[in-house]
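Single-letter residue listing:
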Amino acid sequence: MDPEKLLARILVETGALQLGEFTLTSGAKSPVYIDLRRLPSYPRAFRAVLSLLHAASLEAEYDVVAGVATAGIAWAAGLALYAGKPMAYVRGEKKQHGLGRRVEGVVEGRTVLVVDDVATTGGSLASAVEALRGAGAEARYALVIVDREQGARERLEGMGVRLMRVATLRGVLRAAAEEGLLSREEARRVIASLYGEED
């Protein structure tokens, strides 16, 4: 099955695709929310999406998988196990106790694939890339399950990082409508609201 159709089905069946009014991490308002934190509660769905994530990662050459706290950690851990690679993670900010690290894991001198669940403007990914580079890693690749196509790719390209993805939000919405999981009118309305275009 096409990755976007499979992902759309999983997101709808697990309740991870929500329509309404939401405020994103970036502060932007959105008529749709993708809650990928739900998926580890559904082992079969989690495994299926990890398989898609692994397939998308094959274009990158990397030594370590690094998850962006907190949503990216479960996906990074799963992908690291799937790919047989070491795993690290990046905190939102430095710890105020212990060793005071922001990056946990061995990354110095290694090429890192930065993993998060969803990309919007790319702020969280960019911050993680900076932290990893500050820890001596070479961060050239980022991977997400859903790219909302709202600036992340361009922001990361400006840092010399290639953003890879399983699917775009636009693609997931179109696939959900094609599969009868969402009405075509709802999909058109959300796409028009986000991207200023009629589908």
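Refer to the structure above for everything that follows.
Residues numbered from 1 in each chain as written. Predicted model: local features only at pLDDT ≥ 70, side-chain atom pairs only at ≥ 80, totals over all residues. Heavy atoms only, no water.

A. Expanded view of the packing of helix α6 (residues 169–178) against helix α7 (residues 184–195). Look at α6 against α7: their axes get within 8 Å of each other, and the N-to-C directions meet at 165 degrees. In terms of orientation, α6 and α7 fall into the roughly antiparallel class. For the crossing formed where α6 meets α7, the hand is left-handed. Packed against α6, whose contacting residues are L169, R170, L173, R174, A177 and E178, the element α7 presents R184, A187, V190, I191, L194 and Y195 at the interface. Tallied by class, residues from the contact of α6 with α7 come to 8 nonpolar, no polar and 4 charged. (Axes fitted to C-alpha atoms, helices over the stretch in contact; angles between N-to-C directions. Helix = DSSP H or I, 4+ residues; strand = E, 2+ residues; numbered from the N terminus. Parallel < 35°, antiparallel > 145°, perpendicular 65-115°, else oblique. Left-handed = near helix turned anticlockwise from the far one by under 90°. Contact = heavy atoms within 4.5 Å. Nonpolar A, V, L, I, M, F, W, Y, C, P; charged D, E, K, R; others polar.)

B. Geometry of the pairing of strand β7 (residues 138–147). Buried residues dominate β7, accounting for 8 of its 10 residues. Where strand β6 (residues 111–119) meets β7, 8 bridges bridge the pair, whose relative direction is parallel. If you follow V114 over to β7, its bridge partner there is A142. Taken together, β6, helix α4 (residues 123–134) and β7 form a β-α-β motif whose crossover is right-handed. Both β7 and strand β8 (residues 162–168) contribute to a ladder of 6 bridges, which runs parallel. By the bridge assignment, D147 is partnered in β8 with T168. In this fold, the crossover linking β7 to β8 by way of helix α5 (residues 152–157) has right-handed handedness. (Buried < 20%, exposed > 50% of the residue type's maximum accessible area, 1.4 Å probe, protein only. Pairing = 2+ DSSP bridges. Right-handed = clockwise from strand over helix to strand, strands pointing away.)

C. A look at the nonpolar core. Core analysis: the largest hydrophobic core is formed by 46 residues, its most contacted members being L7 and W75. With 7 residues, helix α2 (residues 43–57) is the largest single contributor of residues to this core. Discounting chain neighbours no more than four positions away, the residues touching L7 are V49, L52, I145, V146, V166, A167 and V172. Counting 24 residues, the second largest nonpolar core, distinct from the first, contains V64, V112, V114 and A119. (Core = buried A, V, L, I, M, F, W, Y, C linked by side-chain atoms within 4.5 Å.)

D. Representation of helix α1 (residues 3–13). Within α1 the residues assigned to the buried category are L7, A8, I10 and L11. Buried residues of α1 fall within an arc of 165 degrees about the axis and therefore sit on the same side. Tucked inside the fold, the buried residues of α1 contact β1 (17–23), β2 (29–34), α2, β7, β8 and α6. For α1, the side-chain oxygen to backbone nitrogen distance between the N-cap and E4 is 3.0 Å, and the N-cap itself is D2. Two residues or fewer past α1, G15 is found with a positive phi of approximately 75 degrees. (Arc of directions from axis to C-beta. Polar contact = N/O pair within 3.5 Å; in protein donor to acceptor, adjacent residues only side chain to side chain.)

E. Expanded view of the packing of aromatic side chains. Counting across every chain of the model gives 2 aromatic pairs. Between F46 and W75 the ring centres are 4.8 Å apart and the planes differ by 65 degrees, which places this aromatic pair in the edge-to-face class. Taken together, the positions of F46 in helix α2 and W75 in helix α3 (residues 71–83) put the pair 29 residues apart, joining distant regions of the chain. Residue classification places F46 among the buried residues on the basis of a relative accessible area of 17%. Classification of W75 by relative accessible area gives buried; the value is 1%. (Phe/Tyr/Trp six-rings, centres within 6.5 Å; stacked < 30°, edge-to-face > 60°.)

That's the geometry; what it means functionally is another story.
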